[in-house]
2 protein chains.
Amino acid sequence: MQEFIRDLVQKNDTKILFIVLDGLGGLPFDGRTELDVADKPHLDALARASACGLHIPVAMGITPGSGPGHLALFGYDPVEWQIGRGVLEALGLGIELRKTDVAIRVNYATVENGIIKDRRAGRIPTDQSRKITEKLQAKLQKIDDVEVILAPGMEHRFAAVLRFPEPLPPGAASIKDTDPQKEGKEPVPIIPQTPQAGRVAQIVEKFIAKITDDLKNEPTANFILLRGIAQVPDILHFEETYGLKSLCIAVYPMYRGLARLIGMDAPALQGDVQDEIDFLKKNYHDYDFFFLHVKKIDSYGEDGNFKGKVSKIEEFDTFLPDILSLKPDVIIITGDHSTPAVLKSHSWHPVPVLLKSPYVLGQTCQMFTERECIKGELGIFPTVNLMPLALANAGRLKKFGA
Amino acid sequence: MQEFIRDLVQKNDTKILFIVLDGLGGLPFDGRTELDVADKPHLDALARASACGLHIPVAMGITPGSGPGHLALFGYDPVEWQIGRGVLEALGLGIELRKTDVAIRVNYATVENGIIKDRRAGRIPTDQSRKITEKLQAKLQKIDDVEVILAPGMEHRFAAVLRFPEPLPPGAASIKDTDPQKEGKEPVPIIPQTPQAGRVAQIVEKFIAKITDDLKNEPTANFILLRGIAQVPDILHFEETYGLKSLCIAVYPMYRGLARLIGMDAPALQGDVQDEIDFLKKNYHDYDFFFLHVKKIDSYGEDGNFKGKVSKIEEFDTFLPDILSLKPDVIIITGDHSTPAVLKSHSWHPVPVLLKSPYVLGQTCQMFTERECIKGELGIFPTVNLMPLALANAGRLKKFGA
C-alpha cells in the first residue's frame, strides 16, 4: 500500500499538522466518557467543521502498544512492521538507534551457584541500578569491533545496544531470551535460532561473560538476563514514501525515537505542551509535516484518573486557538490508541479522529466525542488509511489511472 | 473474490438496473453540496425506501480515474486490473479492442536533426491533425502480419492499435515511452523491458519508421512520440462471472469501450439521457443487467460549475419516474467517483449510493445526499462489494456453505 501511495505522491507547499493526543479515546463512567465530560469548546467547534470518524490501529479487539499505534498513524502496517521490545526499550531510554544496531532489554538478577534466585535483583532502587550501569559502561565500550552502548532504566532494568560495523542480514538477532521467566532455574543459554544469527550470538555471549565478570562482587545485582533481543527494522523512510519533510515534536524520548526510526527529524525537546507549540511555531516554515505528541492524557488514563484525563483534554483545548492560528492546510487530531480511565490501560476501542481541510463535508458531528464521531463522514476505518487521507486533503496525491 | 462469487451465482429472470451518474458526489459550497441543493423529489423519495451508503472506489484518499472507478463498480479490483493508458485512449476514441491488440497513445511532434523541438508539434489544430492521421491510415494498414488501426484524436494526439494475429504473453507490451517528456532531447529508443516484449518492440520500431517516413515533408508534425504502450488485459468476462447478460447504455465511447473490455454488449449510441432511456426500454426484455451511464453531471463538476452540476442532477431526477416504471427488481444509482465542483476534478471522497430492491431495510436516510447516506444501512464500503450486493438483492446468489 505504501509503495502504491509513493507512486501517486506529488509535492506542493501545503502544511499538514498531525496532533496525537496519546490515549485519547475513553469509556463511560456514569454514562459519560472523558471526552463527553471535558469542557472543550474549541475542539467541539473544530469537530463540527471537520471530517470525523474512528480508527482501528491494528484490528478489531486488538489493544495496541504505543509502537504499533504510532506506526499505524504514520501509515505503516503494525503487523507487518513489528518493532522488537529491545528496540522500543532503547528508544524509550533515549538511545539514537542506527540500522546496524541490535537492542536488548536487560534485567539485573541475583544468581547463586548458576541458579536464578531473583529475576529482578530485589528490584534494586533506580539510583543504585544507574550507578552500576554507568560503571559497567565505563569499563566496557567495545566487544571486538562491536560498539556497546548501555542506558540506565528504572529499578532493575537497563537497555543495551550492540552497534555492529556492518549491516546485518534479516534474522541476525533471532536469539531466545536468556530469562527463563521463573526463579530456581538456570539462565537460558545463547542459541542462534537462524543460521544468520551466529555473529550476533557470539557477541551477545561475550557481552554476558564480560558483564557478569564485572558484577561478580555485587551483593544482589550479580548477573544479567536478556529479553527482546532485536534488530532495528529496515523500515520505509517516511519522507521517501510521502514526499513530506517531517518534524517530530515530542517531549518523551520513545516517541522521538520511533519518529527517527522512520526518518523524521526529532530534535530533543523538554517541557510541556506550551513548549511543544513554541517549537512548532519556530520550525513551521522549515517542514511540510508536523507530528505533535501530547503525552499526559494517556498517563492519567493509565492511572485510572478519570478527572485527571478530562483536565488534560481541557488543557489541550485551551491551546487549540493558538495552534489553529498557524492555519495549517490539513489538521488531524486523534490518538494512537484509546486509554479509558475505567480500564487503567490501553484498550482496543477505536480512536476518535477529526480531520479539517477545505475539502471535507463537515456538519455531521456536534462534539468531539466517541459517540458523535460514529456519525462522521470517515466512518470506522483502519488507522493506516489516515496518511493517504491527509495527503489527499493536502492536494499531494495524483489521480490513480485515467 | 470474483471467483468466489462466480461459484455462488444462480440464474433467474430478475432485472438489475445499474445507473452511474458520473462524478456524482460533491462537497459543500456555502455549507451545502450539489446533492443538498438539487431539487430532486424522486431521487429523495427513492433514497428513503432504499439501502443507502457511500463507497470507496480504490482506497481512502485515492482519487480514481474513470477506468478504475468503473472497474470497481463492476466488481473488478482496480489495483489488480490496471488498464494501460494506451488502451483507455483507444477506447475513448471509439476503437473496438480485441485481446490480441496493443494500443498506444501517439503525439505528433516536431524533430530537427534528431532532436525534439516541440513534443506537441505546435498543438496543431484537430482538423489538420485528423487529415494527417487519415492519410497515414490510408497508406499503412499492415506491418508484416500485424494490422494497424489509427484513430484521430484532439490536437496533436491520436491512438494507434497494433492487432496481432496471435495471442500475446503477459509482459508483451512492456516497452518504455519514446517521449522523453522534455524538448531538446532525442526520442527514447525502443527497448523491450521484458524478454516477452521482443515481438511487439520489433513491430513498434517498424511502425515508427514507416510513419516518420510518411511524415518527413510535414512542416511541424514530422515525427511521432509514443506513450502508454499497453496490452489489452485478459480480464474476467462479466457474464461468465456473474451469469448476467449485460447491456451498456452510454453515449461516450470510452465507457462503451470499457464495458466491451469485460464483455458487455455496448452498441454505439448517440444523444442525451432521453435517448439512453429509450434505448433501455427497447432492449429491456433482452438482457438481465443494464449499465446506464449519465455523463454530464461529471462534466459540470470538472468545469467547476456548481449550478450546472445541480441542474444535471435535477434533470436526471425528472427522468426517474419513467425509468422506475420499468419496475426493475434491483436498481442501483451511484457514481464512479466524486467530482466536487469546488475541486474542479475527480476526488477521493466516498460516492453516495442507493440500492432499491424488495429486500432492504430503508427509512434510514431522508434525502439522497452525502451526509444522509452516511446514516444508511450500507455504511462506507469498498466499491467492489456493490456487484455481490446487487446479485444478492436479485436472488442470484446461493448460500455459502451449509
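Please refer to the structure placed before this passage.
What comes next concerns the included structure. (Residues numbered from 1 in each chain as written. Chains lettered and ligands numbered in written order. Predicted model: local features only at pLDDT ≥ 70, side-chain atom pairs only at ≥ 80, totals over all residues. Heavy atoms only, no water.)

## Observations regarding the interface of chain A and chain B
For step 1, the next point in the chain: Chain A puts 26 residues into the contact, and the matching count from chain B is 28 residues.
For step 2, the next point in the chain: Summing both partners gives a buried area of about 2,100 Å² for chain A against chain B, and 74% of it is carried by carbon and sulfur.
For step 3, the next point in the chain: Scanning the region where chain A abuts chain B turns up zero salt bridges.
For step 4, the next point in the chain: Linking chain A with chain B are five residue pairs in polar contact (both at pLDDT 80 or more).
For step 5, the next point in the chain: Listing elements by their share of the side of chain A that touches chain B, those giving two or more residues are helix 1 (2–6), strand 13 (379–382) and helix 14 (386–393) of chain A.
For step 6, the next point in the chain: Considering every element that reaches the side of chain A that touches chain B, the biggest residue donor is helix 14 of chain A, with four residues. (Contact = heavy atoms within 4.5 Å. Buried area = accessible area lost by both parts, 1.4 Å probe. Salt bridge = Lys/Arg side-chain N within 4 Å of Asp/Glu carboxyl O. Polar contact = N/O pair within 3.5 Å; in protein donor to acceptor, adjacent residues only side chain to side chain. Helix = DSSP H or I, 4+ residues; strand = E, 2+ residues; numbered from the N terminus.)

## Some details on the packing of helix 3 (residues 41–49) of chain A against helix 12 (residues 306–324) of chain A
All names here are of chain A.
For step 1, the next point in the chain: At their nearest, the axes of helix 3 and helix 12 sit 7 Å apart, and the two run at 60° to each other. Considering the angle they form, helix 3 stands oblique to helix 12. Contact residues: helix 3 offers P41, H42, L43 and L46, while helix 12 offers I313, F316, D317, L320, P321 and L324.
For step 2, the next point in the chain: Per-class residue counts for the contact of helix 3 with helix 12 are eight nonpolar, one polar and one charged. (Axes fitted to C-alpha atoms, helices over the stretch in contact; angles between N-to-C directions. Parallel < 35°, antiparallel > 145°, perpendicular 65-115°, else oblique. Nonpolar A, V, L, I, M, F, W, Y, C, P; charged D, E, K, R; others polar.)

## A closer look at the relation of the copies chain A and chain B
For step 1, the next point in the chain: It takes a turn of 123° to lay chain A on chain B, together with a shift of 0.1 Å along the axis; the resulting RMSD is 0.2 Å. Accordingly, the operation relating the two chain copies is best matched by a three-fold axis. (Least-squares fit on C-alpha atoms with pLDDT ≥ 70 in both.)

## Things to note about the pairing of strand 8 (residues 223–231) of chain B
Residues and elements named next belong to chain B.
For step 1, the next point in the chain: The buried count for strand 8 comes to eight of nine residues, which makes it a mostly enclosed element.
For step 2, the next point in the chain: As paired strands, strand 3 (residues 101–112) and strand 8 are joined by seven bridges and run antiparallel to one another. What sits directly across from A109, in strand 8, is F223. (Buried < 20%, exposed > 50% of the residue type's maximum accessible area, 1.4 Å probe, protein only. Pairing = 2+ DSSP bridges.)

## With respect to helix 14 of chain A
Residues and elements named next belong to chain A.
For step 1, the next point in the chain: The buried fraction of helix 14 is high, at eight of eight residues.
For step 2, the next point in the chain: Within helix 14, the full set of buried residues consists of L386, M387, P388, L389, A390, L391, A392 and N393.
For step 3, the next point in the chain: With its phi angle positive at about 70°, G395 sits one or two positions after the end of helix 14.

## A closer look at the pattern of salt bridges
For step 1, the next point in the chain: The tally for this structure, following the rule as stated, stands at 42 salt bridges over all chains.
For step 2, the next point in the chain: Put simply, K295(A) and D298(A) hold a salt bridge, and the shortest N to O gap is 3.2 Å. In this pair, the class of K295(A) matches that of D298(A), namely buried.
For step 3, the next point in the chain: Between R371(B) and D36(B) there is a salt bridge whose closest N-O contact spans 3.1 Å. Of the two residues, R371(B) is situated in helix 13 (residues 370–373) and D36(B) in helix 2 (residues 34–37); the sequence distance between them amounts to 335 residues. When sorted by exposure, R371(B) lands in the same class as D36(B), which is buried.
For step 4, the next point in the chain: Residues participating in the shared-partner salt-bridge network are R119(A), D179(A) and R227(A).

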